[in-house]
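Given next are the chains, with one letter for each unit.
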Amino acid sequence: MIQMRGIEEEEEEEKMDLEAAASASDAPSQGQGQGQGTRKLHPFDATTCHIGSFVDFPYRAAPKRIRNRALLSVYTVLIRAKINVLLPFGPLAILLHYFKRNHVGWVFFFSLLGITPLAERLGYATEQLSFYTGSTVGGLLNATFGNATEMIISIYALKHGMIRVVQQSLLGSILSNMLLVLGCSFFTGGLVHYNKVQVFDKALAVVNSGLLLMAVMGIMFPAVLHFTHTEVHAGKSELSLSRFSSCVMLVAYASYLFFQLKSRPNLYGPVPVNEEGEQKEEVSDDEEIPEITMWEAIGWLSVLTLWVSILSGYLVDAIQGASDSWNMPVSFISVILLPIVGNAAEHASAIMFAMKDKLDITLGVAIGSSTQISMFVIPFCVVVGWFMGQEMDLNFQLFETATLFITVLVVAFMLQEGTANYFKGVMLILCYLIVAASFFVHVDPSNNDD
């Protein structure tokens, strides 16, 4: 904090130097030739008078300002947030991987702890970038980089042929967002606004529910085809159907983006529009300003994504060892533990917006993230596995497919009224506990076991 005060004092000095330089450049021309210590103005000042103030700015101020700005940015992103106390666990996991090879369980645990603040900081950097890109594009960026952790882990696991880990981790992300994140948001928002009925835009919920049902249809048909033994070519027809369905789902998601950005840009705005006066009052009361610049946000997104990629490698490599040492099924680790870490940013932001009575943004974060995983990330992984030579398909096995189908139905019924309360949140959280207990006692079948 002392260092930050020093930076602020130096910035005040720079402002005073800038004002002094500007006043010197505006002084009468006869004072310039009398040896008053002022540098000669730039020749272009004869035609453009305001350039002189920038030329007379002290040369020492520019590097000092850049240094102070860099320190302030590091403090804002890496030090100020309380969750950043978990950042050292990432390097600790790497050290344990190389020096304590028999502690695989601890490597996995520390990797989980190290990725948690990185996922939250990715959400923060995306939120800062959304100040410069607008609310609609910012919402899409938030959903995209909010799922960056899951996508990086999935691609790394897919590269090493761990197809079931990819399928189960992405399925767990959908279940976590729809049940745990949305349930906690409804619960906390209902407690904060106990005497008020919280409402949200039903159109947003209907569109996302329709996309989720379409994703369920794309995932269900390959599984039904496999378990009913009605394939034309055993083991190949479901793979071909999965790749075709994935391409169709990607086209559907692209159409959804076009509809969201071009056709109806105001339908999914962050501020619900009821009456003009109420909207203006809400914006003025909750007006926020960015804390870092646009290029700083882009730079931090790049750095954090790279660090998540590095830790994801150690995390995936330690999954099997953690399962053996903890006597815990791999399916439980993939479906429950990994998504909770990856959804840390969505979890925190969705609850925060629900407490502020902004359920439209909460739905955009929780349900929108589930929609993007089911309609973009999963088909994208199928296409990427196609190019990698990995037989990644949409056959998520019977137990996982049934779980996803029932979850989408439950959430769709919860959202059909357009209202939220703490009791709905409790029901969603309890449903997630049932799902977690089911995967704890579930044995993942082998590829040849029908």
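Quantities reported herein were computed from a predicted structural model and do not represent experimental measurements.

### Side note on the nonpolar core
Alright, step 1. Grouped together as the largest cluster of nonpolar side chains are 99 residues, with contacts concentrated most on Phe108, Leu182, Phe186 and Leu415.
Alright, step 2. Aside from chain neighbours lying at most four places away, what touches Leu182 is Asn177, Thr362, Leu363, Ala366, Ile367, Val411, Leu415 and Leu428.

### Some words on the pattern of salt bridges
Alright, step 1. Within this structure, the stated rule accounts for four salt bridges.
Alright, step 2. For Lys196, the salt bridge is made with Asp357, and the minimal N-O distance between the two is 2.3 Å. Taken together, the residues span a long stretch of sequence, with Lys196 in the loop between α8 (163-192) and β1 (198-199) and Asp357 in the loop between α15 (344-355) and α16 (359-388) at a distance of 161 residues.
Alright, step 3. Given the relative accessible area of 45%, Lys196 is considered partly exposed.
Alright, step 4. Given a relative accessible area of 18%, Asp357 falls into the buried group.

### Points about the packing of aromatic side chains
Alright, step 1. In total, this model carries 14 aromatic pairs according to the counting rule given.
Alright, step 2. A ring pair is formed by Phe332 and Phe440, whose centres lie 5.2 Å apart and whose planes are at 85°; its orientation type is edge-to-face. With a gap of 108 residues between them, Phe332 in helix α14 (residues 330-342) and Phe440 in helix α18 (residues 422-440) connect regions that are remote in the sequence.
Alright, step 3. Exposure remark for Phe332: the relative accessible area of 13% places this residue in the buried category.

### Digging into unusual backbone geometry
Alright, step 1. Notably, Asn327 is not glycine yet its phi reads approximately 55°, a positive angle.
Alright, step 2. By the element assignment, Asn327 lies in the loop between α13 (319-326) and α14.
Alright, step 3. On the basis of relative accessible area, Asn327 is assigned to the exposed category, the value being 69%.
Alright, step 4. Residue Asp357 is not a glycine yet carries a positive backbone phi of 65°.

### Focus on helix α7 (residues 148-159)
Alright, step 1. With twelve residues, α7 extends 16 Å from end C-alpha to end C-alpha; this agrees with the ideal 16 Å at 1.5 Å per step.
Alright, step 2. Of all twelve residues that make up α7, nine are buried, and the element is covered over most of its length.
Alright, step 3. Every buried residue of α7 is listed here: Ala148, Thr149, Glu150, Met151, Ile152, Ile153, Ser154, Ala157 and Leu158.
Alright, step 4. Among the residues trailing α7, Gly161 stands out with phi positive, at a value near 75°.

### A look at helix α12 (residues 294-317)
Residues spaced three or four apart along an α-helix point in a common direction, a consequence of the helix completing one turn every 3.6 residues.
Alright, step 1. The end-to-end C-alpha distance of α12, which contains 24 residues, comes to 35 Å, matching closely the 34 Å that a straight helix rising 1.5 Å per residue would cover.
Alright, step 2. Within α12 the residues assigned to the buried category are Glu296, Ala297, Trp300, Leu301, Leu304, Val308, Leu311, Ser312, Gly313, Tyr314, Leu315 and Val316.

### Side note on a nonpolar patch on the surface
Alright, step 1. Residues Phe131, Tyr132, Met294, Trp295 and Ile298 make up a contiguous nonpolar surface patch of roughly 490 Å² in combined accessible area.
Alright, step 2. Only α5 (104-133) and α12 provide two or more residues apiece to the nonpolar patch.
Alright, step 3. Tracing the chain through its elements places Trp295 in helix α12.
Alright, step 4. Given a relative accessible area of 65%, Trp295 falls into the exposed group.

### Quick word on the environment of Gln397
Alright, step 1. Tracing the backbone shows Gln397 in the loop between α16 and α17 (398-415).
Alright, step 2. Overall, the relative accessible area of 10% leaves Gln397 in the buried class.
Alright, step 3. The contacts of Gln397, once residues within four sequence positions are left out, are Arg164, Phe227 and Pro445.

### A word on the confidence of the model for the protein chain
Alright, step 1. Taken residue by residue, the protein chain gives an average pLDDT of 77. The fraction at 70 or more is 75%.
Alright, step 2. A low-confidence stretch, residues 24-59 (pLDDT under 50), is modelled with 26 contacts involving residues beyond four sequence positions or located in other chains.
Alright, step 3. Considering only residues more than four positions removed or in separate chains, one finds that residues 267-286, a stretch of pLDDT under 50, has 16 contacts.

### Brief notes about the environment of Gly210
Alright, step 1. Here Gly210 is to be found in helix α9 (residues 202-227).
Alright, step 2. As for Gly210 and Ala412, which are separated by 202 residues in sequence, their C-alpha atoms are 9.0 Å apart.

### Overview of the side chain of Glu296
Alright, step 1. In this fold, Glu296 is placed in helix α12.
Alright, step 2. Apart from residues lying up to four places away in sequence, Glu296 is in contact with Arg69 and Ser73.

### Section: the packing of α17 against α18
Alright, step 1. Where α17 meets α18, the closest approach of the two axes is 11 Å, and the angle between their N-to-C directions is 175°. Classified by the angle their axes make, α17 and α18 are roughly antiparallel. Of α18, the residues touching α17 (which contributes Phe399, Glu400, Thr403, Val410, Val411 and Met414) are Lys424, Met427, Leu428, Cys431, Val435, Ser438 and Phe439.
Alright, step 2. When the residues that make up the contact of α17 with α18 are grouped by side-chain class, the tally is nine nonpolar, two polar and two charged.

### Brief notes about the packing of α8 against α17
Alright, step 1. As a packed pair, α8 and α17 sit with axes 11 Å apart at the nearest point and diverge in direction by 20°. Taken together, the axis directions place α8 and α17 in an arrangement best described as roughly parallel. α17 is crossed by α8, and the crossing has left-handed handedness. Touching Arg164, Gln168, Leu171, Ile174, Leu175, Met178, Leu179, Leu182 and Phe186 of α8 are Glu400, Thr403, Leu404, Thr407, Val408, Val411 and Leu415, all from α17.
Alright, step 2. The class makeup of the residues in the contact of α8 with α17 is eleven nonpolar, three polar and two charged.

### With respect to the side chain of Thr362
Alright, step 1. Among the structural elements, Thr362 can be located in helix α16.
Alright, step 2. By relative accessible area, Thr362 is classed as buried at 0%.
Alright, step 3. Residue contacts for Thr362: discarding those within four places in its chain leaves Leu182, Ser185, Ala350, Phe353, Ala354 and Ile367.

About the criteria used
- Residues numbered from 1 in each chain as written.
- Predicted model: local features only at pLDDT ≥ 70, side-chain atom pairs only at ≥ 80, totals over all residues.
- Heavy atoms only, no water.
- Core = buried A, V, L, I, M, F, W, Y, C linked by side-chain atoms within 4.5 Å.
- Buried < 20%, exposed > 50% of the residue type's maximum accessible area, 1.4 Å probe, protein only.
- Contact = heavy atoms within 4.5 Å.
- Salt bridge = Lys/Arg side-chain N within 4 Å of Asp/Glu carboxyl O.
- Helix = DSSP H or I, 4+ residues; strand = E, 2+ residues; numbered from the N terminus.
- Phe/Tyr/Trp six-rings, centres within 6.5 Å; stacked < 30°, edge-to-face > 60°.
- Expected span 1.5 Å × (residues − 1).
- Patch = residues over 30% accessible without salt bridge, like charges linked within 9 Å, V, L, I, M, F, W, Y side chains within 5 Å.
- Areas by Shrake-Rupley, 256 points an atom, 1.4 Å probe, with all protein chains shown as cover.
- pLDDT = per-residue confidence, 0-100.
- Axes fitted to C-alpha atoms, helices over the stretch in contact; angles between N-to-C directions.
- Parallel < 35°, antiparallel > 145°, perpendicular 65-115°, else oblique.
- Nonpolar A, V, L, I, M, F, W, Y, C, P; charged D, E, K, R; others polar.
- Left-handed = near helix turned anticlockwise from the far one by under 90°.

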